[in-house]
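# Notes for the structure review
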Amino acid sequence: MIKRILVIHGPNLNLLGEREPDVYGDNNIDTLNAEIIRRAEKSGIQCDVFQSNHEGEIIDKLHEARKIYDGVIINAGAYTHYSYAIRDAISAIKIPCIEVHISNVDARDSFRANSVIAPVCVGSISGFGFGSYYLALQALTEM
Ligand code: DQA
C-alpha cells in the first residue's frame with residue numbers, strides 16, 4: 001500500500017507561472033504543490049514536495065527517499081533528456097517512480113522526445129499541464 005510519497009521538481013520548475021506561460025501555464029509551483037498535497041491527503045497519502053535546480057541534490061533526495069517513501073513522482077525537467085546519474089539513482093532505489101512532464105515532450109523540440117529516465121520508471125505521463133502530476137498521483141494510489 002502506498003502511504004507516503006515524494007514529489008520531486010527539477011530545474012527551472014521553481015519559475016512556474018513566470019516561465020514560458022504559453023507552455024507551462026500561469027500558475028506557480030506553490031499552487032501546484034498545494035493541489036498535489038490536497039489530493040494526496042484526500043486519498044489518505046502523506047505527500048512531501050521538493051524542488052532543486054541541482055542534479056546532485058536531486059540524486060541525494062532520491063537516495064534518502066528509499067528509506068522513507070513508498071513512491072516518487074519526478075519531473076526531472078531538462079535532466080530527463082540526458083542525466084544518466086538521475087536514471088541510475090532511480091534504478092538504485094527500487095521504489096516506484098513515475099515520470100511526469102507538464103508539456104507534451106513528444107510534440108516539442110526533438111531532444112525532448114528522448115527520456116533517459118523513462119526505462120527505469122514504472123510509467124510516464126506528459127502533456128496534461130499540472131494534471132500530469134494528478135494523474136501520476138492517481139496511478140500511484142491504484143498500484
Ligand atoms: C518539462 C519538459 C522538459 O523538456 C523541460 O526541460 C522542462 C519541463 C515539462 O514539465 O514539460 O524543464 O519537464
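Description of the structure in this document. (Residues numbered from 1 in each chain as written. Predicted model: local features only at pLDDT ≥ 70, side-chain atom pairs only at ≥ 80, totals over all residues. Heavy atoms only, no water.)

### Observations regarding the layout of surface pockets
- In this model, the largest pocket occupies a volume close to 160 Å³.
- Along the walls of the largest pocket sit 14 residues, with R19, Y24, G77, A78 and R112 positioned nearest its centre.
- Split into classes, the residues belonging to the lining of the largest pocket amount to five nonpolar, six polar and three charged. (1 Å grid on protein atoms, 1.4 Å probe; cavity = no way out; pocket = protein on both sides within 12 Å on 5 of 7 lines; lining within 4 Å. Points joined across faces, edges and corners; volume = space filled by probe spheres on them. Nonpolar A, V, L, I, M, F, W, Y, C, P; charged D, E, K, R; others polar.)

### Considerations on helix α3 (residues 55-65)
- Every buried residue of α3 is listed here: I58, I59, K61, L62 and A65. An end-on view of α3 places all buried positions within 160 degrees of arc, on one side of the element.
- Lining the buried residues of α3 we find β1 (4-9), β2 (46-51), β3 (71-75) and α4 (84-93). (Buried < 20%, exposed > 50% of the residue type's maximum accessible area, 1.4 Å probe, protein only. Helix = DSSP H or I, 4+ residues; strand = E, 2+ residues; numbered from the N terminus. Arc of directions from axis to C-beta. Contact = heavy atoms within 4.5 Å.)

### Observations regarding the site of the ligand
- Of all residues adjacent to the ligand, which total 13 residues, the nearest are N75, H81, H101, I102 and S103.
- With respect to the ligand, the side chain of H81 contributes an N or O atom lying 2.7 Å from an oxygen atom.
- In this structure, an oxygen atom belonging to the ligand sits 2.8 Å away from a side-chain N or O atom of R112.
- If the ligand stood free it would expose 320 Å²; the protein chains cover 98% of that surface.
- The cavity that encloses the ligand is the largest pocket. (Near = heavy atom within 4 Å. Polar contact = N/O pair within 3.5 Å; in protein donor to acceptor, adjacent residues only side chain to side chain. Areas by Shrake-Rupley, 256 points an atom, 1.4 Å probe, with all protein chains shown as cover. Sits in = over half its atoms within 2 Å of the grid points.)

### What to know about the nonpolar core
- In this structure, I5, L16, I73 and Y133 are the most contacted members of the largest nonpolar core, which totals 23 residues.
- Elements that contribute at least two residues to this core include exactly β1, α2 (29-42), β4 (97-101) and α5 (131-141).
- Broken down by element, the residue count for this core peaks at five residues, all from α5.
- If sequence neighbours within four positions are ignored, I5 has contacts with I45, Q46, C47, D48, Y69, G71, I73, L137 and L140.
- Listed in part, the 21 residues of the second largest apolar core include I58, Y69, I86 and I95. (Core = buried A, V, L, I, M, F, W, Y, C linked by side-chain atoms within 4.5 Å.)

### Focus: the pairing of β3
- Burial analysis of β3 places five of its five residues in the buried class, which makes it a mostly covered element.
- Every second residue of β3 is oriented toward a common face, with G71, I73 and N75 on one face and V72 and I74 on the other, all of them buried.
- Sheet analysis places β1 next to β3, joined by five bridges and oriented parallel. Each residue of the ladder has a partner; that of H9, found in β3, is N75.
- Examined bridge by bridge, β3 and β4 share three bridges and lie parallel to one another. Looking across to β4, one finds that V72 is bridged to C97.
- As for the winding sense of the linkage, the β-α-β connection from β3 through α4 to β4 is right-handed. (Pairing = 2+ DSSP bridges. Right-handed = clockwise from strand over helix to strand, strands pointing away.)

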